[in-house]
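Structural overview for review
Below are the chains, spelled out letter by letter.
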Amino acid sequence: MTTSAEAMRTPEELPIVVAAVVKYVHYQIVVHVDRFGHYLNYLVQFVTSNLQQQWRAHTLPPSPYAGWSREQLIERLQSLEGPAKLSVDTPPAVNDIEKPKPSTRKFNFYEYPRRKIALRFSYSGWEYGGLAFQIDDTPLPTVEGVLFDTLSKARLVDEEAGFDGCGWERCGRTDKGVSGAGQVVSLWVRSALPTDELAESITGTTHVPVPVSRDALEAEPLSDGIERREPKEQSRNEHDYVTILNRMLPETIRISAWSPVSSTFSPRFSCLWRHYKYLFSPKDLDISKMQDAASRLIGEHDFRNLCKLDAAKQITSFKRNILDAHIEKYNDNLHIFNLIGSAFLYNQVRHIMAVLFLVGTGLEPPSIVTTLMNVSEGCEPPNGDDPQPYPVVDRKPEYHMADGLPLMLWDCGYPDGTFSWRTSGRLPSDEFKDLGELQREMQNIVTRSHITAALNEHFQQAVARHHPAPPSIFPLDKPSQLQERRGPQQAFAVPLGGGSAHRVVKWVPVLQRKRLDPVEVANERWRVGKGTRKAERRRIAAEGDLEAVQQLEKVAASGGGAS
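Residues numbered from 1 in each chain as written. Predicted model: local features only at pLDDT ≥ 70, side-chain atom pairs only at ≥ 80, totals over all residues. Heavy atoms only, no water.

This next bit is on the overall build of the protein chain. Within the protein chain, the regular secondary structure consists of 15 helices and 13 strands. Here the protein chain, with 563 residues, has 34% of them falling under the buried criterion. Intrachain contacts of the protein chain at a sequence separation of at least 6 include 72% that bridge at least 24 residues. Carbon and sulfur atoms provide 55% of the accessible area of the protein chain, an area that totals close to 35400 Å². (Helix = DSSP H or I, 4+ residues; strand = E, 2+ residues; numbered from the N terminus. Buried < 20%, exposed > 50% of the residue type's maximum accessible area, 1.4 Å probe, protein only. Contact = heavy atoms within 4.5 Å. Areas by Shrake-Rupley, 256 points an atom, 1.4 Å probe, with all protein chains shown as cover.)

A word on helix α13 (residues 519-528). Those residues of α13 not exposed but buried are V519, A522 and N523. For α13, the angular spread of the buried residues around the axis is 95 degrees, confining them to a single face. (Arc of directions from axis to C-beta.)

Looking now at the pattern of salt bridges. Enumeration according to the criterion identifies 16 salt bridges in this entry. For D284, the salt bridge is made with K283, and the minimal N-O distance between the two is 3.2 Å. Owing to a relative accessible area of 29%, D284 belongs among the partly exposed residues under this scheme. One salt-bridge network, held together by shared partners, links D292, R296 and D386. (Salt bridge = Lys/Arg side-chain N within 4 Å of Asp/Glu carboxyl O.)

What follows is about the packing of aromatic side chains. One pass over the full model with this rule turns up 16 aromatic pairs. Ring centres 5.5 Å apart and planes at 20 degrees place the aromatic pair F107 and Y112 in the stacked group. Residue classification places Y112 among the partly exposed residues on the basis of a relative accessible area of 28%. Their ring planes at 85 degrees and their centres at 5.1 Å tell us that Y276 and F344 sit as a pair that is edge-to-face. (Phe/Tyr/Trp six-rings, centres within 6.5 Å; stacked < 30°, edge-to-face > 60°.)

Residue Q388 is joined to P389 through a cis peptide bond whose omega torsion reads -5 degrees. Within the fold, P389 resides in the loop between α10 (367-373) and β11 (407-413). With an omega of 0 degrees, the peptide bond running from F474 to P475 counts as cis. Within the element layout of this structure, P475 appears in the loop between α11 (437-464) and α12 (482-485). Not every positive phi belongs to a glycine, and R155 is a case in point at roughly 60 degrees. In this structure, R155 sits in the loop between α4 (143-153) and α5 (162-165). For R155, a relative accessible area of 42% puts it in the partly exposed group.

L297 and F337 are the most contacted members of the largest nonpolar core, which has 57 residues in total. Among the secondary structure elements, those contributing two or more residues to this core are β7 (273-280), α8 (287-295), β9 (319-329), β10 (335-341), α9 (348-361), α10, β11 and β12 (492-497). Ranked by residues supplied to this core, first place goes to α9 with nine residues. Ranked by size, the runner-up nonpolar core spans 27 residues in total, among them Y128, L151, A154 and C166. (Core = buried A, V, L, I, M, F, W, Y, C linked by side-chain atoms within 4.5 Å.)

The next thing to look at is the pairing of β7. Within β7, six of the eight residues are buried, which leaves it mostly tucked inside the rest of the structure. Pairing geometry for β7 and β11, over six bridges, is antiparallel. When the sheet's bridge partners are listed, H275 is paired in β11 with D411. Two strands pair when backbone bridges link them, and β7 and β10 are joined in this way by seven bridges, in the antiparallel orientation. Across the sheet, the residue bridging to Y276 is L339, located in β10. (Pairing = 2+ DSSP bridges.)

What follows covers the side chain of S201. Note that S201 resides in strand β4 (residues 200-201). Here R229 takes part through its side chain, which lies 3.2 Å from a polar atom of the side chain of S201. Ignoring sequence-local partners within four residues, the contact set of S201 consists of R114, W188, T195, G225, I226, E227 and R229. (Polar contact = N/O pair within 3.5 Å; in protein donor to acceptor, adjacent residues only side chain to side chain.)

Two packed helices can be described by the angle between their axes and the distance between those axes. Between α8 and α9, whose axes approach to 8 Å, the crossing angle comes to 140 degrees. Put simply, α8 runs oblique to α9. Helix-helix and strand crossings are classified by hand; for α8 and α9 the assignment is right-handed. In contact with K289, M290, A293 and A294 of α8, α9 contributes M353, L356, F357, V359 and G360. (Axes fitted to C-alpha atoms, helices over the stretch in contact; angles between N-to-C directions. Parallel < 35°, antiparallel > 145°, perpendicular 65-115°, else oblique. Left-handed = near helix turned anticlockwise from the far one by under 90°.)

Turning next to the environment of P406. Mapping P406 onto the fold places it in the loop between α10 and β11. Judged by its relative accessible area of 11%, P406 is buried. Linking P406 and G499, residues 93 residues apart in sequence, is a C-alpha distance of 9.4 Å. Setting aside residues no more than four positions away along its own chain, P406 makes contact with K277, Y278, L279, G497 and G498.

Quick look at α8 now. When we look at burial in α8, the residues that qualify are M290, A293 and A294. Down the axis of α8, the buried set is contained in an arc of 100 degrees. They therefore lie on one face. Residues of α8 that are buried sit in contact with β7, β9, β10, α9 and α10.

Another aspect to go through is the confidence of the model for the protein chain. Of the residues in the protein chain, 75% have a pLDDT of 70 or more, and the chain-wide mean is 84. In the model, residues 84-88 has pLDDT below 50 throughout and makes four contacts with residues more than four positions away in sequence or in other chains. Throughout residues 557-563 the model reports pLDDT below 50, and contacts reaching past four residues in sequence, or to other chains, amount to nine contacts. (pLDDT = per-residue confidence, 0-100.)

Take a nonpolar patch on the surface next. Taken together, the side chains of I451, L455 and F459 present a nonpolar region at the surface, about 310 Å² in accessible area. Mapped onto the elements, L455 comes out in helix α11. On the basis of relative accessibility, which here comes to 44%, the residue L455 falls in the partly exposed class. (Patch = residues over 30% accessible without salt bridge, like charges linked within 9 Å, V, L, I, M, F, W, Y side chains within 5 Å.)

Right, let's talk about the environment of Q388 for a bit. Checked against the element boundaries, Q388 lands in the loop between α10 and β11. For Q388, a relative accessible area of 41% corresponds to the partly exposed category. Setting aside its immediate chain neighbours within four residues, Q388 contacts P382 and N383.

Have a look at this one:
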């Protein structure tokens, strides 16, 4: 019987044995060297410590308290500090320790000068219940409400004085779901500069009223409490309004720049034009027909049939001037309808877009736009090969307006020299290099949006494995093809933008639909109904009769009174 050592002497196994022995020896060497290094380090530290103690003992003079006992040291300390200041056995109570008192000086907003500035900002409309602040509670916050609260927290405006106290004014109002990329507001804010470096300033509790009409801008300045002077050269940094606000605002609202403005500047009445953009999918739409219809909007027309009547405003003139209207390709999936005008009516852009969708599908001809603007005999001149004469449409037919999600206020135009846009509060002479932090934030938001879109496309592909694509009957060459391309009772979807649509079984052309009351009738009904009650509530509230106000509100809620 052979031993294990003899069995491993074969030529095939000998290298394995040698390798194992080498690894074991190497491990032992490493372990012992490591331990030796630790022992050597301890030895060096011990010798160094003893040498330092011996050097101090020979070079430093002996302490006068050397050799004193603990009791002797305590007695000496008591004699130096006094018995009332030192207690060895009982430490002082926590409540007895004197704490630094907080400053009792309250921040006084009106101790600082204020200047008028303009803010340019963007916001995602789908996150908010509209731009304008609402007195009543809303399901979603408003853009102005969030922005004003942020300004108040930063102590740039007085929260108690509200919007009126800072002279708040906007360029254009956007509804719930509508976004803005170039919105402009003006207001008086706290300044970090001394008054002699401001061309115009306000001190104290003076509140400056906002202009109520374009004519008010051209009137002579009244005694409004504004101090005017020839300013000295700026000597210090102004508040960095852009950075301060963006740090506190949600990422769905972003301030892009600020500018000093004159006290006579009005974002609303100084504005020369407003540019709206509406993004839409060109799928199943005839873009050439939509462009033909859009071009008919250019010029001054009566748009009472292409807007939503707001009787509370008591508007009697619906003529507006459109400077440009055209459609352009944005990318492979989207087109943009551009509409530029000096002013717009309530929901005007969304009503126009709804009619353009009807034209793009072929359900209505391009001439429907001209016909809807022909509110009186001969109001609209002939256009191309349109059938003549145009029928008179003095009352708005009923139709759905387009969705608000794809709509945004892209830009606002003002006279040259109105603004001096700035992105910081530094001195004009300072060399300030913008590192693009705000641009980086927006790039990250765009990246997340692209990822969300890609995920939704994958979800659609997953559904396509089991379900067919819906049949498409648009665009039609002419409205009469509708019956040929669908079944007798087959419903079809009329696009409204933003991925939404209106399902229809029986199609009725726009000009054959029920029409609303004339503008004059609607205005009068509101004036003698809700308008009268509203005026009465204001009068009673001014007199302080809250019980009478509550009684009027109950009557209004129950439907009583004229309406």
